[in-house]
Each structure stands twice: as structure tokens, then as C-alpha cells.
Amino acid sequence: MNAPVAASASAVTHFTSTRNACKLCAPLGASLVMRGIEGCIPLMHGSQGCSTYIRRYVISHFREPIDIGSSNFTETSAIFGGRDNLFTALDNMTRSYKPQAIGITSTCLSETIGEDVPMYLRQYEAERKRGGRLNAGLEPVLFYASTPSYRGTHVEGFHEAVYAAVSRLAGEGAEVETCRATGSGASPRLNLVSGFVSAEDIRELHRILGSFAGEPGSRRCPYTLFPDYSESMDGPSWETYRKLPQGGTSLDDIRMMGSAGLTIYQGRPSNAVSDAGRWLMENRGVPLVNVELPIGIENADTFLAALSAFWERGIPEALTKERGRLVDAYIDGHKYVNRKRAVIYGEEDFVCALASFLDEIGVIPVIAATGAVNPSFKTRIRSVLRNTREETEIMDDADFAGMLERARFLKPDLVIGHSKGLYLARNLGIPLVRCGFPIHDRIGAQRILHLGYRGTLNLFDLVCNTLMEEKQSRHEVGYTYI
Ligand code: SF4
């Protein structure tokens, strides 16, 4: 679908429309961060359809309800501005949800007409102080993430919202300065920013952090894990409906991020968005370490080494055993995966970690693609590939039609990524290993474990078994012993 565009009277350039985009909308990622804060509810400043679309996408993956407010733009607000709509939405949501915080995101429409949301929020808070709004006595914390989808993907919206919450709350004052002190015998406090991962992954991160202290939740190795939607987006069934599900990082824990001894940030925010880790370093003096998502032995080793060095404790024996089991699995399964060819795609952080893992087990990622526009993605992927660098085509700003065109020539054996890659796999006649976000055509997506040695083992088994099943199902004999 090449369309000519008149760049000037004398020149014509061509562009190719995006066909089946490999990315999602920026406020979606931001809304997930807001559900990862205890007592917080997201509110989108824009038209109602945006929040409906995001709710549908998130619910189909997590199989949990998620309420997202909307300032509900009409034609009038699109022309004259949506300040009054926003104020009404804030009043209504405060009254009906009684939240501890409201996270506001922008949408394409409110950004396009140039809404100055930070100014509106200052005006609203000033009115609230004067008692000029409803809801006397209820004053949820307000914070704002600018998330136009034409500037970034769902993951860029995610990182932007992490920044918005941290810079709003961790700058409020050194309430817990003591948490950086080690002289009292207490361990220093750690910030862990988890990245756009599954609810099960967040539970696994809690388990790993807790194992350093000897037991989950111990104050010996204190930490803030943010955002934490492990319960709010994957909780037990309820007897009665709750407007705001339980779970999430508490506001106080986010405040304490400003006085921690280290931030470990899983993933790397692109230059297009604000960076909470860098903000904590520059404004609160908290050192920063960026690591890849701990998928694969090398990435998991790096993550655990950072924890071990910070808390000055050895790697817990349970984790060492898990690593040993993973190495054993690599040995058992290498003959099924060695030199196989995979197409991988999705959000940048996830694809980088996945590429590193595949390279480690001998699978060639013949295409590593993301829908994000980020030229540094290529450098980043190349830096994690040791054995297969020359054989990998790296695509940013990619769509599924473009991937299919290249993949027909590259003859992959399997496709690894979220469920939007189904038609890619079908057209190529090869299997799809579902992981990441979103997965809308299977149950249990929120419980897929990707991180740490256990998560890597899960992915390794999935990849091996998919290839074995494919071989078995295509063979006329259908061996029961492979
Ligand atoms: S208009 Fe923009 S913000 Fe709204 S759903 Fe579409 S991409 Fe997302």
C-alpha cells in the first residue's frame, strides 16, 4: 500500500502505511502502572472510546475487571478544551471510588488540541484547597502522564507513567531518610522497577527479593517493587464487587523510593519518554543500574549479581539450585533447538531479553522486531547477540505485514511473541509460542512466567515442546519417542 505524498511542488516521496501494527496505545501502558499503585484509579483525558478500547484489551489479557475513567470529550470540548470535563471527572471519581490517588493520562485528541493538563491540575488542587470542589475531606493524590499514542507505544506510556508517579511522590520529602542508612544494622532499601511484565513475573520478583532476606516481606532486605499489579490484575475471586481491587505498591513505598540506596530498573526507557530511574538519580541522589529483563541465564545472573552486591549477601541457595536445573534443561533440550530459526517481536525490552535468551540456547532470531520507533533498538539487540549477530534482521517501527514479507525469505521454524502474531504464523505455516502482552486467544496469559531462572525454564520448555509437537504432528508416523 504505497501512497505518494507531495513533499513539495517538485518532489514526491513515498511512504508505506502501517499494516497490522506491532504496538499498542500509550495510555494503555500508563493505565497498567496506575493499577499497580494501591488505591489508585486511572483517568483518561479524552474521548470515551479510548478508555473503552484499553479496558477491552487489558481485560481480555488479564481476565480481570479494570475501571478506567474518562473525561468524556464531546465535539464542544474538542473545540473549546476539556478543562470542565476533567474537573467533573475528578469530582465524580473521587466521590464514587474514594481513591488514594488518581493517575491522569492524556490521549491523542487532548494532546492534539494542546490541553495543558498540568495547569488544569494545579487549578483543580487550588480550588480543592479552598473548599471549592465537592468531596470535602477526600483529597486523592493527582499525578499526570503525557501519553499521546503518536509519540510512543504502550511501553513508552508505561515508562512515562512510572516517571509521573515517582517524580510526584518520591519528591515529596525525605520521610524515611533512615532507609538509606546502614550503620544501624538495617539493610539499605532497594528500588526495583519491574518493567511491563506479567502478574506472575511480579510475584516471582517478590519471591526472588524475599529469598535474599530469608523470607518474603522481611525488613532485612527492604525494597519497593513498582509497579505491582500482581494482585490488582490477578487476584482471587470476590464475594462482593470491589470498585478498587486490593494490591499495588503503596503510596508510602513509592515515597520511600526517593531515599533508597539503589534503583534497579528493568528495561531501558527510550529517549522519547521521561525516565524515573534517571530522575531519582539526578534529583534524589539514588544510584541507578539498568538491566535487561532477567530472561535467560546471562540476564538473570546480572540481575541477581546486582542484588547480591547491593545487599552484600550471597546468592540464596534456592536460586543457585534453580540455575543448576536450568543449565541441566539446556543440556537435555539443546538437540531440539540448536540452529532453529525464530521470528521474535513485541515491545523493545521484551524482544531484547528474548533475543539474548534465544542466542544463549542456539536458536537464531532471524527477525527481531518492534513496533516502537527507536534507532537504538538495533544497537541494543546487536549487543545482546553473541553467536547469531550476523544472521538477525533487526526491525524497529515494524508492522506484521513487513515482518511477513521478510520472513517468507528467511524460512523460520517458529514465531515467538504475543497473540497478534497469529496470522504471521499461520501465513508462514509454522507454530506460534505465545508470551508477552497481549494474549487474547488463550487462558492464563497473566500467569505466564518469563523472568528469572524459573521463568526462563518455562520458556525453554515451551520452545522445545512446540518444536517437538510440530515435528510430531507433521510426520506421517508420528513418533511417540522423539
Ligand atoms: S485515539 Fe490514541 S489514545 Fe485513543 S485509543 Fe486511539 S491510539 Fe489510544
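Residues numbered from 1 in each chain as written. Predicted model: local features only at pLDDT ≥ 70, side-chain atom pairs only at ≥ 80, totals over all residues. Heavy atoms only, no water.

Moving on: the nonpolar core. Within the largest apolar cluster, 103 residues are counted, with the highest numbers of intra-cluster contacts made by Val166, Leu307 and Ile416. Ignoring any residue separated from it by four or fewer positions in sequence, one finds Ile416 in contact with Ala342, Val343, Ile344, Tyr345, Leu354, Leu358, Val433, Cys435 and Val463. Counting 20 residues, the second largest nonpolar core, distinct from the first, contains Val343, Ile364, Val415 and Leu428. (Core = buried A, V, L, I, M, F, W, Y, C linked by side-chain atoms within 4.5 Å. Buried < 20%, exposed > 50% of the residue type's maximum accessible area, 1.4 Å probe, protein only. Contact = heavy atoms within 4.5 Å.)

Per the domain assignment, the segments of the chain are domain 1 (26-169), domain 2 (177-235 + 245-311) and domain 3 (317-474). The interface is formed by 29 residues belonging to domain 2 together with 32 residues belonging to domain 3. Carbon and sulfur atoms make up 58% of the surface buried where domain 2 meets domain 3, a total of about 2,600 Å² over both sides. For the interface between domain 2 and domain 3, the tally reads five salt bridges. Where domain 2 meets domain 3, there are 18 residue pairs in polar contact (both at pLDDT 80 or more). Top element by residues in the side of domain 2 that touches domain 3 is helix α8 (residues 199-213). It accounts for 10 residues. Class assignment for the residues of the side of domain 2 that touches domain 3 results in 12 nonpolar, seven polar and 10 charged. (Domains from an automatic or database assignment. Buried area = accessible area lost by both parts, 1.4 Å probe. Salt bridge = Lys/Arg side-chain N within 4 Å of Asp/Glu carboxyl O. Polar contact = N/O pair within 3.5 Å; in protein donor to acceptor, adjacent residues only side chain to side chain. Helix = DSSP H or I, 4+ residues; strand = E, 2+ residues; numbered from the N terminus. Nonpolar A, V, L, I, M, F, W, Y, C, P; charged D, E, K, R; others polar.)

What follows covers the pattern of salt bridges. All told, the structure shown has 23 salt bridges when counted by the stated rule. Of the charged contacts in the structure, one is a salt bridge between Arg380 and Glu292, with a shortest N-O distance of 3.0 Å. Placement of the pair is Arg380 in helix α14 (residues 376-384) and Glu292 in the loop between β10 (288-291) and α11 (297-311), with a sequence separation of 88 residues. One exposure class covers both Arg380 and Glu292, and it is buried. With its nearest N and O atoms 3.1 Å apart, the salt bridge here joins Glu298 to Arg386.

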